[in-house]
Amino acid sequence: MTAFTIFILAVLAIALVAFCTWFFASIADGKCPMCALKHIGRGKLTIDIKKEPNYENNVSSTPIMGWSSWNLLRNHIDEDAIYGTAKAMVDSGLAEAGYEYINIDDCWQSSMRDEDGKLQADLEAFPSGIEALCKRVNALGLKLGIYSSNGTLTCEDMPASLGNEELDAKTFASWGIEYLKYDFCHNQIITGSTPIIEFADISKPGERSQMRLRPDHAKYTGRAKTVKCTDLPSKQGMGFLNHGAGTASFNVDVPYGGEYIITIHYHKTAYHKKQYMQVVVNGRVYEVHFPSGFSMSHDAKVQAEIRLDSGDNKITFQNPVVTMADSSYIQYKRMGEALQNASRGWAAYTGKEEKPITFSICEWGFAHPWNWGRKAGNMWRTTMDITPKWFRIKSIYNKSVELYRYASPGHINDPDMLEVGNGKLTPDENRAHFTLWCMMAAPLVLGNDLRRLADGSSKSRFLIDTLTNKSLILIDQDPLVKPAKRIKRSPALDILARPLANGDTAICFFNKSAKERPVEFDIDSLSEYKYLNFRRAPGNYEIHDLWTDDRNAGTKITATVPKHGVAVFRISQ
Ligand code: GAL
């Protein structure tokens, strides 16, 4: 045997011993080790969301249109820049063309929360505060949006909302905010681990408990079962609740509905990591976090306030988290629900009309939010950040165009904000970028300096004309929200088409190559694609060129597409 073989065998033996130790320690700790292994190699959601309702807050059923501070100003923002931009949005005619959100991105916050624990604006850059700024922006007929992160800090290390969702949502609603971009920096993934639950007591606030949920009364599903605590065999509890292994349920009868306290007694091992469990009461989810640490005692308790109905209630203990996507889904849904409750609650409190908050999920496509975003929010980022570089715009398009099936009214793919007018993009690249975003039914969130649009320069006139192209905005805002399908893909030229609510079809020829290309397209061939729902007409079609505004009749499209450019048409019968 060579030294190398001995080395390999030794490594394998150590790995086997480590695995067995972990495997049997997990079982002894009341956990299903095989269930914990299910996450390996899976970035996708394992929680079954089929029966969950879609996120509905009666707002932004078509992609939002507005401006965000990030692409232009990054961390150097203040209230004058934000208000100045809002004013320019109105003065330049952009507001009239449909742009309405002024979104403040990262770095609006002070590093200090206020004495009530609420987020507050940077005390020097936003001396009047966000509420006052919001009122001024609203007075222009526009809506104010804001930014936070689903982490302990934002991407620029400012205070963020993980663990403070309810409070922050209420704060935003009370300021009059109508859009929240919720980022993913400094995120803490929820663990799939759950301790052995020895029992739980249910009491009315201010009273001793009358009701105990014990392991021998539980109805178990999956692998969940009553287990002995190996380091204290006299004790037993509900085990194998980890990583979606199973659930423990109880029927609880109470004479009066209302708020109750559930006190969950759990088993602590000598050294324990953070753990997690959901208490589901009649379908409502309450989350319980068990801290990490070294134990002085073998048991501990956590409490949650739950709402019981009078009569029979079903209470279930579970931990459905297996993958990072499961964790993200739970956390984004948590904030989405907090926003809905906050805007409703604020309207009820003030007696004013509700201002629903568009909820924008920004986790860069990591956990495939197109699979679950419609259950948690209004829109979801499909990729990492855009930059004003042609190759980056093309690569974001390439990824996002494939996701056309996932969008629907109120639930939108977000390939990130526009870079039109930024960097060194050529006029054709600017038009192509804007057109592709309209074809993909993407949010039209501008990132250029609107305050300069009044300077009378040819660049500004070009930008205003591009960004207010009514015919293209109508494509973007089509109420069907069916993004374009790429019906032809080649290294040089893509053809995209999308069905429109009035029966028309939008078609776009995208020349990715570095030289001009002629195209000729037989319109009847659109009927080959079920998604387009295209019916062939007996005679000619009306062909509207959405950049030149020419209208022709015919059955063929012929055009010359500039390099890095587009030709885009609306076809009517
Ligand atoms: C990134 C996000 C950007 C911007 C930035 C702010 O994660 O994708 O769009 O919001 O954070 O720090």
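About the cut-offs
- Residues numbered from 1 in each chain as written.
- Predicted model: local features only at pLDDT ≥ 70, side-chain atom pairs only at ≥ 80, totals over all residues.
- Heavy atoms only, no water.
- Helix = DSSP H or I, 4+ residues; strand = E, 2+ residues; numbered from the N terminus.
- Buried < 20%, exposed > 50% of the residue type's maximum accessible area, 1.4 Å probe, protein only.
- Areas by Shrake-Rupley, 256 points an atom, 1.4 Å probe, with all protein chains shown as cover.
- Lys, Arg positive; Asp, Glu negative; His and termini not counted.
- Charge placed at Lys NZ, Arg CZ, Asp CG, Glu CD.
- Salt bridge = Lys/Arg side-chain N within 4 Å of Asp/Glu carboxyl O.
- Disulfide = S-S within 2.5 Å.
- Pairing = 2+ DSSP bridges.
- Near = heavy atom within 4 Å.
- Polar contact = N/O pair within 3.5 Å; in protein donor to acceptor, adjacent residues only side chain to side chain.
- Phe/Tyr/Trp six-rings, centres within 6.5 Å; stacked < 30°, edge-to-face > 60°.
- Axes fitted to C-alpha atoms, helices over the stretch in contact; angles between N-to-C directions.
- Parallel < 35°, antiparallel > 145°, perpendicular 65-115°, else oblique.
- Left-handed = near helix turned anticlockwise from the far one by under 90°.
- Contact = heavy atoms within 4.5 Å.

*Asks:* Even after reading the chapter, I still don't get the overall build of the chain, so can you show me in this structure?
*Replies:* On a plain count of helices and strands, the chain comes out with twelve helices and 29 strands. Projected onto its principal axes, the C-alpha coordinates of the chain cover approximately 85 × 70 × 55 Å. Going through the 573 residues of the chain one by one, you find that 55% of them count as buried. Accessible surface for the chain amounts to roughly 25,800 Å². Of this, 53% is attributable to carbon and sulfur atoms. One finds the centroid of the 67 positive side-chain charges in the chain at a distance of 7 Å from the centroid of its 65 negative side-chain charges.

*Asks:* In this structure, what is going on with the pattern of salt bridges? I would like to understand it.
*Replies:* A complete count under the given rule lists 29 salt bridges for this structure. Here K50 and D48 are joined by a salt bridge, their closest N and O atoms 3.4 Å apart. Overall, the relative accessible area of 54% leaves D48 in the exposed class. Salt-bridge contacts for R486 lead to D494; the nearest nitrogen and oxygen are separated by 2.8 Å. Take R486: its relative accessible area is 11%, and that puts it in the buried class. With relative accessibility at 0%, the residue D494 sits in the buried group.

*Asks:* Even after reading the chapter, I still don't get the state of the cysteines, so can you show me in this structure?
*Replies:* What makes a disulfide is a covalent bond joining the sulfur atoms belonging to two cysteines. Across all of its chains, the model carries two disulfides by this definition. For C32, the disulfide goes to C35, at an S-S distance of 2.2 Å. Of note, the bridge from C32 to C35 carries an S-S torsion of about 75 degrees and is right-handed in sense. Judged by its relative accessible area of 1%, C32 falls in the buried class. Between the sulfur atoms of C155 and its disulfide mate C185 the distance is 2.0 Å. Its S-S torsion of about 95 degrees marks the bond between C155 and C185 as right-handed, since a negative value means left-handed. Of this pair, C155 sits in the loop between β3 (143-149) and α7 (165-175) while C185 sits in the loop between β4 (179-183) and β5 (197-203); the two residues are 30 residues apart in sequence, bridging distant segments of the chain. On the basis of relative accessible area, C155 is assigned to the partly exposed category, the value being 31%. Accessibility expressed as a relative area gives 16% for C185, which makes it buried.

*Asks:* What should I look at first to understand unusual backbone geometry in this one?
*Replies:* Keep in mind that most residues, glycine aside, have a negative phi and that most peptide bonds are trans. The phi torsion at C107 lies on the positive side, around 85 degrees, for a residue other than glycine. Take C107: it is sitting in the loop between β2 (101-103) and α6 (130-139). A relative accessible area of 11% means that C107 is categorised as buried. The phi dihedral of H243 falls on the positive side, at around 40 degrees, and the residue is not glycine. Here H243 is to be found in the loop between β9 (232-239) and β10 (246-254). Given the relative accessible area of 12%, H243 is considered buried.

*Asks:* Before we go on, may I ask you to explain the pairing of strand β29 (residues 565-572) in this structure?
*Replies:* Looking along a regular strand, one sees the side chains alternate between the two faces of the sheet. For β29, a buried count of eight out of eight residues is recorded, marking the element as mostly surrounded by other parts of the structure. Burial of the side chains of β29 extends over both faces: G565, A567, F569 and I571 are buried on one face and V566, V568, R570 and S572 on the other. In this structure, strand β24 (residues 505-511) lies alongside β29, joined through seven bridges in antiparallel fashion. Each bridged residue has a counterpart across the sheet, and for I507 the counterpart in β29 is F569. Summarising the sheet, strand β26 (residues 541-545) and β29 pair through four bridges and their orientation is antiparallel. Looking across to β29, one finds that H544 is bridged to R570.

*Asks:* For this particular structure, what's the right way to read the site of the ligand?
*Replies:* Taken together, 13 residues form the shell around the ligand, and within it D105, D106, K181, D183 and D385 come nearest. Interatomic distance of 2.9 Å between a side-chain N/O atom of D106 and an oxygen atom of the ligand. Within the side chain of D183, a nitrogen or oxygen atom sits 2.8 Å from an oxygen atom of the ligand. When the free accessible area of the ligand is taken as 310 Å², the share hidden by the protein chains comes to 95%.

*Asks:* Explanation requested: the packing of aromatic side chains in the structure shown.
*Replies:* Each pair of aromatic rings is reported with the distance of its centres and the angle of its planes. Applying the stated criterion across every chain, the model contains 26 aromatic pairs. Taking the centre distance of 5.3 Å and the plane angle of 80 degrees together, the rings of F23 and F24 count as edge-to-face. Overall, F24 belongs to the exposed group, its relative accessible area being 53%. Taken together, the aromatic side chains of Y55, Y182, F184, Y329, Y332, F359, W364, F366 and W372 make up a single cluster linked through ring pairs.

*Asks:* Could you clarify how one ought to interpret the sheet that holds strand β19 (residues 379-381) in this entry?
*Replies:* Within a sheet, each strand pairs with its neighbour through backbone hydrogen bonds, oriented either parallel or antiparallel. An order of β20-β19-β18-β4-β3-β2-β1-β21 is seen for the eight strands of this open sheet, with the pairing classed as parallel. Strands at the two margins of the open sheet, each flanked by one partner only, are β20 (412-414) and β21 (444-446). Taken over all neighbouring pairs, the strand axes of this sheet differ in orientation by 25 degrees on average, direction set aside. One ladder, built from four bridges, connects β4 with strand β18 (residues 358-361); its direction is parallel. Looking at β18, one finds that K181 is bridged to S360.

*Asks:* I would appreciate a short explanation of the side chain of S513 in the present structure.
*Replies:* For S513, the location among the structural elements is in the loop between β24 and β25 (517-522). In this structure the side chain of S513 is engaged in a polar contact, spanning 3.0 Å, whose partner is the backbone oxygen of K515.

*Asks:* So what exactly am I meant to see when it comes to the packing of helix α10 (residues 427-439) against helix α11 (residues 458-467) here?
*Replies:* Two numbers describe a pair of packed helices, the interaxial angle and the distance between the axes. Running from N to C, α10 and α11 point in directions that differ by 20 degrees, and their axes come no closer than 10 Å. With respect to α11, the axis of α10 lies roughly parallel. Crossing handedness for the pair α10 and α11: right-handed. The segment α10 lies against α11, with P427, N430, R431 and F434 engaging F462, T466 and L467.

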